[in-house]
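Survey of secondary and tertiary structure
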Amino acid sequence: MKIWLDGGLQDSESARVSVFDHGLTVGDGIFETVKAVHGETFALTRHLDRLTRSARGLGLPDPDLDEVRRACAAVLAANPMPLGRLRITFTGGHGPLGSDRGEHGPTLVVALGETGRRPDSTATITVPWTRNERGALTGLKTTSYAENVVALARAHRHGATEALFGNTVGRLCEGTGSNVFVVLDGEIHTPPLASGCLAGITRELTVEWTGAKETDLPLDVLEHADEVFLTSTLRDVQAVHRVDDRELPGAAGPVTAKAMRVFDERAAGDLDP
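A brief look at the structure comes next. Computed from a prediction, not measured in an experiment: that's the story for all the values here. (Residues numbered from 1 in each chain as written. Predicted model: local features only at pLDDT ≥ 70, side-chain atom pairs only at ≥ 80, totals over all residues. Heavy atoms only, no water.)

1. Describing the pairing of strand β13 (residues 227-232)
Note the following rule: Partly exposed describes any residue whose relative accessible area lies between the buried limit of under 20% and the exposed limit of over 50%, with all areas from a 1.4 Å probe on protein chains only and scaled to the type maximum. In this description a helix means any DSSP run of H or I spanning at least four residues, a strand means any run of E spanning at least two, and both kinds are numbered starting from the N terminus. Whether two strands pair comes down to DSSP finding at least two bridges between them.
Of all six residues that make up β13, six are buried, and the element is covered over most of its length. A two-sided burial pattern is seen for β13, the buried positions comprising E227, F229 and T231 on one face and V228, L230 and S232 on the other. One ladder, built from five bridges, connects strand β10 (residues 179-184) with β13; its direction is antiparallel. Residue pairing for β13: N179 is matched across the bridge by T231. Looking at chain direction, β13 and strand β14 (residues 236-243) are connected through four bridges and run antiparallel. If you follow L230 over to β14, its bridge partner there is Q238. Hairpin connection of β13 to β14: three residues between the antiparallel strands.

Encoded structure:
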């Protein structure tokens, strides 16, 4: 496997990032996950725009997007596979053992892993922890992901593939790596960005392509929503058939099934919408 590290391709087994990299020592970094189908990326421009927004929000220098594009193309060409998870990681670089950044400049890594298509429906749980809608990292896709690791492990222990968070005021927010949508009386709703959720790329496209409404929703909407579905880079649009102990009959429901179909058709027609 070949990865891109700081300017060129390297063997994954021998590539090394400093143990003093700020991305390792204090989680000072950002990342993007991009779907790659037979070597072609999906929605790469939107992902790179968000990478830049995250860098600015964290106070990192803007990534060189021309280099990032070259890195993505090189990694995809070196590692052919039918469906891949392309991961772009950009960190504060070599730094001191503390919160202050060093002067060595950022680290860029682009790696690729093979994956498979997700099932059409899945199970989720809600967790007792909250998203902070007013935090310094709110809305940024950072490498400070331990909270998601803990929540996702809890979901797996309960036979689910995703954990759903409320925010500090009890409103529905997001999953560990997905956005959540609900269907109420035939209309699609998803929490607004003010809830503290990440501005997901697939979420954004789903809102544009289905006319979904951004609505401030209580967390307990999951107890009575007609349908629930998730969106993310590798899930696309995925129906939910269980939330905690509640079974949703007939998942995917008719509105979700239409959203899945619309997303698949629009995505197939434009790889960089």
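This is not the end of the story, as more comes after the structure.
2. Thoughts on the side chain of H47
Counted only if it meets this: The contact criterion used is simple: two residues touch if any of their non-hydrogen atoms lie within 4.5 Å.
Relative to the helices and strands, H47 is located in helix α2 (residues 44-58). Sequence-distant contacts of H47, defined by excluding residues within four places in its chain, comprise E32, T33, V34, F42, I201 and T233.

3. Notes on the layout of surface pockets
The condition that has to hold: Both cavities and pockets are sets of points on a 1 Å grid over the protein atoms alone; in a cavity a 1.4 Å probe fits but cannot get out, in a pocket the set is open with protein on both sides within 12 Å along at least five of seven lines, and lining residues sit with an atom within 4 Å of a point. Grid points are joined across faces, edges and corners, and a volume is the space filled by probe spheres set on the points. Just so you know the grouping, Ala, Val, Leu, Ile, Met, Phe, Trp, Tyr, Cys and Pro go in nonpolar, Asp, Glu, Lys and Arg go in charged, and all remaining residues, Gly too, go in polar.
Its volume calculated, the largest pocket comes out at about 1200 Å³. Along the walls of the largest pocket sit 49 residues, with K141, Y145, T176, G177 and S178 positioned nearest its centre. For the lining of the largest pocket, the leading source of residues is helix α4 (residues 146-157), giving four residues. Its residues assigned to classes, the lining of the largest pocket comprises twelve nonpolar, 26 polar and eleven charged. Size it by volume and the second largest pocket reaches roughly 320 Å³. Surrounding the second largest pocket, 15 residues form its lining, K35, V37, L83, R117 and D236 being those nearest its centre.

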